[in-house]
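# Remarks on the overall topology
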Amino acid sequence: MSNTLLSRIILKKHIARRRGADMPAIIQLSDFHIKMSMGNPMNNKTFMGLIAALKKMNLQEPILVYNGDIIDSNIIRKAIDVSLASSEKAERWNALAYKAYALAEEYFRLLTSELRISNERILICCGNHDANTFAEPMTSIPCPGSCQEILYAEERFKEFNEFCKRILLQKDAVSTYFREINGINFMVVNTNWRNKWS
């Protein structure tokens, strides 16, 4: 929610105008790092300022591309007792992340309702803060659709995937997937299968 993000949005709108009226505006956002201390989105001046700036652009049926780090996992990691067993840490992370994602859902719902962005015009990519880094680490990256991928994803990306199910209304937001919106092809890639700490 910085000036850099606003300048990216302005640049993308300018490019869309140059290509013609048929090209929809693409709003690219990332790194909200939602934490419980942020509270109600209506009381968050930075967030409401972002919405106001976007509304002034009068974007018609924009596409929202969110490039990860919905929640702030650093806060969650600090709240977990390091003496716990790995499985207990993973469970605790999910419990705390669940609350952060519930708050993040309020932020996303306000943003999308204020800008009139429908679910089918939203793409969300998993960021490193969105993955449960206490989940059992993988030794290799699984093949898409494999049993190994499915089992691992259920633990590592459980809360992220549940959030995306509610916002995007799609079953799987963890695997690499392709979407076409208004003739524009998007590929969403999850690069968070391994911990940077392992």
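Refer to the structure above for everything that follows.
What this report covers is the structure whose coordinates are included nearby. Only a predicted model underlies this, so the values are computations on that prediction, with no experimental measurement involved. (Residues numbered from 1 in each chain as written. Predicted model: local features only at pLDDT ≥ 70, side-chain atom pairs only at ≥ 80, totals over all residues. Heavy atoms only, no water.)

## A look at the sheet that holds strand β2 (residues 63–66)
Backbone-to-backbone hydrogen bonds join strands into a sheet, with any given pair of strands oriented parallel or antiparallel. Rules: Strand pairing follows a simple DSSP-based rule, namely that at least 2 bridges must link the two strands. Numbering of helices and strands runs from the N terminus; a helix is a DSSP stretch of H or I covering at least four residues, while a strand is a stretch of E covering at least two. Here the axes come from fitting lines to C-alpha atoms, over the contacting stretch only for helices, and the angles between their N-to-C directions go from 0 to 180 degrees. Between two residues, a contact is recorded if the distance between any of their heavy atoms is within 4.5 Å.
One open sheet holds the three strands; their spatial order is β1-β2-β3, and the pairing between them is parallel. Across the chains shown, the open sheet's two edge strands, defined by having one partner strand only, are β1 (26–29) and β3 (122–124). Taking each pair of neighbouring strands and ignoring which way they run, the sheet shows an average axis angle of 15 degrees. Direction of pairing for β1 relative to β2: parallel, over a ladder of four bridges. Each residue of the ladder has a partner; that of I27, found in β2, is L64. Along the sheet face, helix α4 (residues 86–114) touches β1, β2 and β3 and points at about 155 degrees away from the line of β2.

## Regarding the pairing of strand β5 (residues 184–188)
Threshold: Accessible area is worked out with a 1.4 Å probe on protein chains only. A residue is then buried under 20% of its type maximum, exposed over 50%, and partly exposed in between.
Side chains of β5 alternate between two faces, with I184, F186 and V188 buried and N185 and M187 left unburied. The sheet contact formed by strand β4 (residues 177–181) and β5 spans five bridges and is antiparallel. From the neighbouring strand, F178 faces β5, where its bridge partner is M187.

## Things to note about the pairing of β1
The test is simple: By convention, orient the strands away from the viewer: a clockwise path from the first strand over the helix to the second makes the crossover right-handed.
Of the two faces of β1, the one carrying I26 and Q28 and the one carrying I27 and L29 are both buried. As a crossover connection, the stretch from β1 through helix α2 (residues 45–56) into β2 is right-handed.

## Considering the packing of α4 against helix α6 (residues 158–168)
Condition: Here the word oblique covers every angle except those under 35 degrees (roughly parallel), over 145 (roughly antiparallel) and from 65 to 115 (roughly perpendicular). Each crossing is labelled by how the near helix is turned from the far one, with a counterclockwise turn of less than a right angle marking it left-handed and a clockwise turn marking it right-handed. For this scheme, ten residues count as nonpolar: Ala, Val, Leu, Ile, Met, Phe, Trp, Tyr, Cys and Pro. Four count as charged, namely Asp, Glu, Lys and Arg, and the remainder, Gly too, count as polar.
Running from N to C, α4 and α6 point in directions that differ by 25 degrees, and their axes come no closer than 9 Å. With respect to their mutual orientation, α4 and α6 come out roughly parallel. Seen from above, α4 lies across α6 with right-handed handedness. On the side of α4, the interface is formed by N94, A97, Y98, Y101, A104, E105, F108 and R109, while α6 contributes K158, E159, F160, F163, R166 and I167. In terms of residue class, the contact of α4 with α6 is built from eight nonpolar, one polar and five charged.

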